[in-house]
Amino acid sequence: MRILIILIINFILLNYVLGQPIDDGRLRPIPTDVIVRNFKPDRSPDFGIVLSPGYVTGIMKPTLGENKRPQYCCGEETVTDDAGILIVNNEQTFNQWFNSDDICTNYLSSFELSLERWDSLNIIGGGGLFAPMEGRGFGDPTLFPEYENDPFNQYHCFEFHLSYKPLDQHTDFFTFSIMGEIWIFFNDTLVIDQGGDSNGYGGSATFYPSTVPGVVYNDDNYIYPIDVYSCVRSVDVDPEATPLTIFGSGNFFCSWIDDGGVCNGLNANSPCVDDDLTKCDEPRDVCGNCIRDTPRTCPGDETFCSVPVCLEGYGCTIENKTVCDDLNACTIDTCDDLLGCSHEVIPDCHCNSTTCFTEDLCFPKLCSGDLCLTIPIDCAILEPDCPTSVCFNGECSICEVESSSDDISTTGQVTTTGVSISTIGAVSTTDLSISTIGVVTTGFTTTTGDLTSTSTTIGFDVTTSTTIGYDVTTATTTTGSTTGTRPPIYPARCSHDSCPPHYHCYQLTNGYTCISKYFYDNCEPERLILFY
């Protein structure tokens, strides 16, 4: 300890002789927060074990992974030292060291690290006992009463991130000491590899940037990240003998400070606040880790007419639950939570282009008596050689393939590129200037006793232009005095209440299906239309 104090004093004197620090406007918070994850052996098997009497290198891959996470070397294989002593169980247990999860394998927290000096020339701090999780995390008996009689709560992994602008290739260095394992990455590349040490007595590492080829000095365009990782995992480590010391010469600083107050942090320990109401999963705190996995409960009650729902990207809204449309263009359809659906007749009204108008050209509306019918355009019929064809603005997209058109007859049998449609009875045609339609609905006649049902068959003279003939054929059989009319049936369309919560409604050729979010994100739902 005396040697360390002498070194610090000499270092400070040397810096004052060489020059005074300058205020360059960079972030250097004193104190500064660092990330610490607390562990218990019954939750993570890589902790509370006897490690090697010396260093074991190669546990980590030589470069950092996504989001500055260290990567395990060896997949599902264990790592042992030369004597066969277990160092790491497998990749799954290793990933717990510097990653949080929703099953409390560790407790995520931050720790306020004291620094005696931090300016544009050097950084000095620590030197005292380092017990970041004393009375916290798994050491808090109010949160984890099962560990109330387990006073040892110093198993942890620590990470500290800095930015560095090289000043002098002869004097710049960075030293980190702790009685545990140490890994230091410079510019995302592993430069200090001291894992597996059981006693931690040699837990000190000094790095000289000049040893890395290509480092550029005194140039603001070249800023290098330094990432320090350390773990206290050995059962042999004395919890009262783990001092932490940071000692460096050079221009060290924070490029940013995250919402949790951590230098160059990734918001891992940011407050778990529900600050994004457009998401349909609410956050919850799981051992310091903010997890979004609870479906959002939207305010309001479900009624006969409406239901509160959450739409991803929009948040909570009220959607119609009951569809009161009777397809009659001459009624005003309303929904009342107490009275249900009502249909007020509009005096002197007839179905025409004013009362039955098309809003979406891919779902044109047509009058049949006083019924205002929606006839969706079916691109699977109009473009059978183009399975990916979709309707846009009333027209089906066309694949670049050779196609042929056949003669179309408006009496007897109608043929549309291999699709055969039969009509019944006489055919009367009224020309309507609407987009090409490819849906055919066949009527039917049902007789039971004195009840006769009159069906309506709607066929379409399909052409390649945007003008079609609208063929209406009616077949009527009367065996009694009661006659009823049943409207045609049309393919079901997706709506927001078509599927259970957390499922997407996906429109198919002749209906729809419900698919999970996982399927929607990871598979190719657009291929479903090839088969259905």
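The coordinates are above.
The rules we used
Sequence order as written defines the numbering, with residues in each chain counted from 1. Only residues with pLDDT of 70 or above have their local features reported here, since the model is predicted, and side-chain atom pairs are shown and tallied only from 80 upward, although totals for entire chains, interfaces and linings are computed over all residues. In computing side-chain values, all of the structure's heavy atoms are included and hydrogens and water are not. For the purposes of this entry, the term helix denotes a DSSP run of H or I that reaches at least four residues, the term strand denotes a run of E that reaches at least two, and both are numbered from the N terminus. Residue exposure (1.4 Å probe, protein chains only): buried if accessible area is under 20% of the type maximum, exposed if over 50%, otherwise partly exposed. Working rule for contacts: check all heavy atoms of both residues, and any pair within 4.5 Å makes them a contact. The method behind every accessible area is Shrake-Rupley, applied with a 1.4 Å probe, and residues are considered shielded solely by the protein chains displayed. Only buried residues count toward a nonpolar core, which is a set of Ala, Val, Leu, Ile, Met, Phe, Trp, Tyr and Cys residues joined through side-chain atoms within 4.5 Å. One bridge is not enough; two strands pair if DSSP finds at least two bridges between them. The definition of a polar contact used here is a pair of N or O atoms within 3.5 Å, where within protein one atom must be able to donate a hydrogen and the other to accept one, and adjacent residues in sequence count solely through side-chain atom pairs.

Participant: So what's going on with the overall build of the chain? Residues and values would help.
Facilitator: Across its full length, the chain holds four helices and 33 strands. The buried share of the chain, taken over its 532 residues, is 40%. Considering only residue pairs separated by 6 or more positions, the chain has 62% of its internal contacts joining residues 24 or more positions apart. Of the roughly 28,200 Å² that the chain leaves accessible, carbon and sulfur atoms contribute 52%.

Participant: Any details on the nonpolar core? Residues and values, ideally.
Facilitator: In this structure, Phe174, Phe176, Ile184 and Ile226 are the most contacted members of the largest nonpolar core, which totals 31 residues. Ranked by residue count, the leading element in this core is strand β7 (residues 156-165), at four residues. Excluding anything up to four places from it in sequence, isoleucine 184 contacts Phe174, Phe176, Thr189, Leu190, Val191, Ile192, Ala205, Ile226, Asp227 and Val228. Ranked by size, the runner-up nonpolar core spans 22 residues in total, among them Phe47, Leu64, Val88 and Tyr155.

Participant: Please set out the pairing of strand β1 (residues 32-38) residue by residue, giving values where relevant.
Facilitator: Along β1, seven of the seven residues are buried, which leaves the element largely enclosed by surrounding structure. Burial of β1 is two-sided: the residues Thr32, Val34, Val36 and Asn38 facing one way and the residues Asp33, Ile35 and Arg37 facing the other way are all buried. Relative to strand β4 (residues 107-113), β1 runs antiparallel, the two being bridged by seven bridges. Across the sheet, the residue bridging to arginine 37 is leucine 108, located in β4.

Participant: Report on the side chain of aspartate 119, specifying residues and quantitative values.
Facilitator: Relative to the helices and strands, aspartate 119 is located in the loop between β5 (115-118) and β6 (122-129). Judged by its relative accessible area of 13%, aspartate 119 falls in the buried class. Of the polar contacts made by the side chain of aspartate 119, one reaches the side chain of arginine 117; its length is 2.5 Å.

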